[in-house]
Amino acid sequence: MSAAAGVTSLRAAAERTPLLLLGRRADPDSERGTTCPGTVPDPGDPALVERARAARAALGADVLVLGHHYQRDDVIRFADVRGDSFKLARDAAASGAGTIVFCGVHFMAETADILTDESTPVVLPDLAAGCSMADMADISQVEAAWDDLADAGCDAVVPLTYMNSSAAIKAFTGRHGGTVCTSSNAARAMAWALEQGDQVLFLPDQHLGRNTAVRDLGLSLGDCVVYDPRLPGGGVAPAALRAARVVLWKGHCSVHGTFTREHVDRVRERVPGVRVLAHPECRYEVVEAADEVGSTERIIAAVRAAPPGTRWAIGTELNLVGRLAQEHPEQQITYLNDTVCFCATMRRIDLPHLVWALEELVAGRVPNRIRVDADTAAWARVALDRMLALPG
Ligand code: SF4
């Protein structure tokens, strides 16, 4: 088939498809971010960097721009502070800034809103910047799972949610005697939860939950069951739910879930002496085969501390790995996966949306404000405060 014929047939197929095509504003629910009020600049506008600089300068110190480590280079260059999700939310709360622009994803902006003063608007430059992992646990599904556990006779369950979850789920854990964890303190949080009750319901990342239970706390794989919210009773027999120490929610990160044991084996063949460094959101078999396992902050610290000439294969989001490679030319840094895998939702925050958000603020308007209602925020705060009080 000629190229022209191929294009024609693709176009014909697109016209026949029953799916709503993105970019035509036909489906506001799935195109939340494409309907920013006003005009989002054209990505090809050669003045974008200058516009971002000018708007940033006009806003001054009263506006704090936060950039998650997984952000694109052209966005993170405008961040006043870089970090992981919880560090950024805490920095937002401690800054006293009048407005926060959060270059991250939705649950991060929610956490910043919970931790900051009521009068401090938190702006997410594109509302379509969600998190596929957080979206795998909806509060109504979690409440149904809680009922399933009660029906199965599990009466001493403590809910523990990863930071990467909605404010509603953080509030749920606060209401039910549980807490929140990060990838840095998951072991302490799970150990605490198992002291408070007999079982833990770990949300929403099954891999972090399993890695923590088995690798850090010494439980067995058989002590964990996976609860699938799409199946009746989670797809787990009541007796198996009762026997489990850790009930893992069937969720995962669409970036870290792509790394496989084969990637580890292949890079070891290809790069003699390579050290494999994996994030704990990776699958159990990947972290078992890695040399080091750690959160984004720990990955950055490990690379900074390594001697020149160290060879790394890093299993985390590609923007961060690429930046580490640029910042540490004295080391040899490669990506663990052999295909490109950025966090697609984090990439929704691009330079045009950042410019749009900053220019709206310069004009005196607050765009895309993320608000958590007072009751949800109060209970989520209970869960977060329990996390901050965890024994060291
Ligand atoms: S990298 Fe994974 S967990 Fe992090 S924001 Fe993206 S989808 Fe969510």
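Bear in mind the structure is a predicted one, so any value in this text is a computation, not a measurement.

Observations concerning empty space enclosed by the protein
The final tally for this structure, using the stated rule, is 1 cavity of 30 Å³ or more. Roughly 310 Å³ of internal volume is contained in the largest cavity. Forming the walls of the largest cavity are 28 residues, and the residues nearest its centre are H68, Y70, Y162, N164 and E281. Of all elements in the fold, only α4 (85-95) and α5 (106-115) reach the threshold of two or more residues within the lining of the largest cavity. A per-class count over the lining of the largest cavity returns 13 nonpolar, 12 polar and 3 charged.

Notes on the confidence of the model for the protein
Looking at the protein as a whole, its pLDDT mean stands at 91, while 90% of the residues score no less than 70. Below pLDDT 50 for its whole length, residues 1-10 participates in 2 contacts with residues either more than four positions away or in separate chains. Every residue in residues 13-17 is under pLDDT 50, and counting partners more than four places away or in other chains gives 1 contact.

Looking at the packing of helix α8 (residues 186-196) against helix α9 (residues 206-216)
For any two helices packed against each other, the geometry is given by the interaxial angle and the distance between the axes. Contact geometry of α8 with α9 gives a least axis separation of 10 Å together with a crossing angle of 80°. Overall, the two elements α8 and α9 adopt an arrangement that is roughly perpendicular. The residues of α9 that touch α8, namely those facing A186, A187 and M190, are L208, G209, T212, A213 and D216. Across the contact of α8 with α9, the residue classes tally to 5 nonpolar, 2 polar and 1 charged.

Comments concerning the sheet that holds strand β13 (residues 332-335)
An order of β11-β10-β12-β13 is seen for the 4 strands of this open sheet, with the pairing classed as parallel. Both outer strands of the open sheet, β11 (292-293) and β13, are each paired with one neighbouring strand and no more. Note: strand β10 (residues 275-278) against strand β12 (residues 311-315), 4 bridges, orientation parallel. When the bridges of β12 are listed, L277 appears paired with I314. In this fold helix α11 (residues 261-270) packs onto β10, β12 and β13, with an angle of close to 150° to the strand it touches most, β10. Along the sheet, helix α14 (residues 318-327) makes contact with β12 and β13, crossing β13 at roughly 165°.

Considerations on unusual backbone geometry
Going from L203 to P204, the amide bond is cis rather than trans, its omega being -25°. By secondary structure assignment, the location of P204 is in the loop between β7 (199-203) and α9. Despite not being glycine, N368 shows a phi value in the positive range, around 45°. Residue N368 is classed as buried on the basis of its relative accessible area, which comes to 13%.

Details of the site of the ligand
With respect to spatial proximity, the complete set of residues near the ligand consists of Y70, V105, C131, S132, M133, N164, C253, S254, V255, E281 and C343. In this structure the site holding the ligand corresponds to the largest cavity. Its residues assigned to classes, the shell around the ligand comprises 7 nonpolar, 3 polar and 1 charged.

Points about the packing of helix α2 (residues 48-59) against helix α15 (residues 351-362)
Running from N to C, α2 and α15 cross one another at 35°; their axes reach a closest spacing of 9 Å. As for how α2 packs across α15, the hand of that crossing is left-handed. Seen from α2, the contacting residues are L48, V49, R51, A52, A55, R56, A58 and L59; seen from α15, they are L351, P352, V355, L358, E359, L361 and V362. For the contact of α2 with α15, the per-class residue count stands at 12 nonpolar, no polar and 3 charged.

What about the sheet that holds β7?
Spatially, β6-β5-β7-β9-β8 is the arrangement adopted by the 5 strands of the open sheet, whose pairing is parallel. The open sheet terminates on both sides in strands that have one partner only, identified here as β6 (179-181) and β8 (224-227). Put simply, the sheet's adjacent strands are angled 25° from each other on average, direction ignored. In the sheet, β8 pairs with strand β9 (residues 246-249) via 4 bridges, with the strands oriented parallel. Bridge pairing in β9 links Y227 to W249.

Section: the packing of aromatic side chains
Summed over the entire model, instances satisfying the criterion amount to 3 aromatic pairs. When the centroid spacing of 5.4 Å and the interplanar angle of 90° are considered together, the rings of W146 and F172 count as edge-to-face. Here W146 is found in helix α6 (residues 139-151), whereas its partner F172 is found in helix α7 (residues 167-175), with 26 residues between them in sequence. Comparing W146 with F172 shows no difference in burial state: the two are buried. Consider the rings of F259 and Y335, whose centres lie 5.7 Å apart with planes at 75°: the pair is edge-to-face. Here Y335 lies in strand β13 and F259 lies in the loop between β9 and α11, a separation of 76 residues in the sequence. With a relative accessible area of 10%, Y335 lands in the buried category.

Criteria and cut-off values
Along each chain, residues carry numbers from 1 onward, in the same order as the chain's sequence is written. Two thresholds apply to this predicted model, a pLDDT of at least 70 for residue-level local features and 80 or more for giving and counting side-chain atom pairs, whereas whole-chain, interface and lining totals are computed over all residues. No hydrogens and no water enter the side-chain calculation; it runs on all heavy atoms of the structure. Grid spacing is 1 Å over the protein atoms alone, the probe is 1.4 Å, and a cavity is where that probe fits but cannot get out, while a pocket is an open set with protein on both sides within 12 Å along at least five of seven lines and lining residues have an atom within 4 Å of a point. Grid points are joined across faces, edges and corners, and a volume is the space filled by probe spheres set on the points. Secondary structure follows DSSP: runs of H or I at least 4 residues long count as helices, runs of E at least 2 residues long count as strands, and numbering of each begins at the N terminus. Amino acid classes used here: Ala, Val, Leu, Ile, Met, Phe, Trp, Tyr, Cys and Pro are nonpolar; Asp, Glu, Lys and Arg are charged; the rest, including Gly, are polar. Scored between 0 and 100, pLDDT is the confidence that the predictor attaches to each residue. Two residues form a contact once any of their heavy atoms are found within 4.5 Å. Axis angles are defined between N-to-C directions and span 0 to 180 degrees, where every axis is a line fitted to C-alpha atoms and, for a helix, only to the segment in contact. Just so you know how the angles are binned, under 35 degrees is roughly parallel, over 145 roughly antiparallel, 65 to 115 roughly perpendicular, and the rest oblique. Between any two strands, pairing holds if DSSP finds at least two bridges. Three exposure classes are used, based on accessible area relative to the maximum for each residue type with a 1.4 Å probe and protein chains only: buried under 20%, partly exposed in between, and exposed over 50%. Proximity criterion: a residue is near a molecule or strand once any of its heavy atoms comes within 4 Å of it. Assignment to a cavity or pocket requires that more than half of a molecule's atoms be within 2 Å of the site's grid points. Crossing chirality is assigned from the near helix's rotation relative to the far helix, an anticlockwise turn below a right angle marking it left-handed and a clockwise turn marking it right-handed. Here the aromatic set is Phe, Tyr and Trp, taking the six-membered ring for Trp, and pairing holds for ring centres within 6.5 Å; pairs whose planes are under 30 degrees apart are stacked, those over 60 apart are edge-to-face, and all others are tilted.

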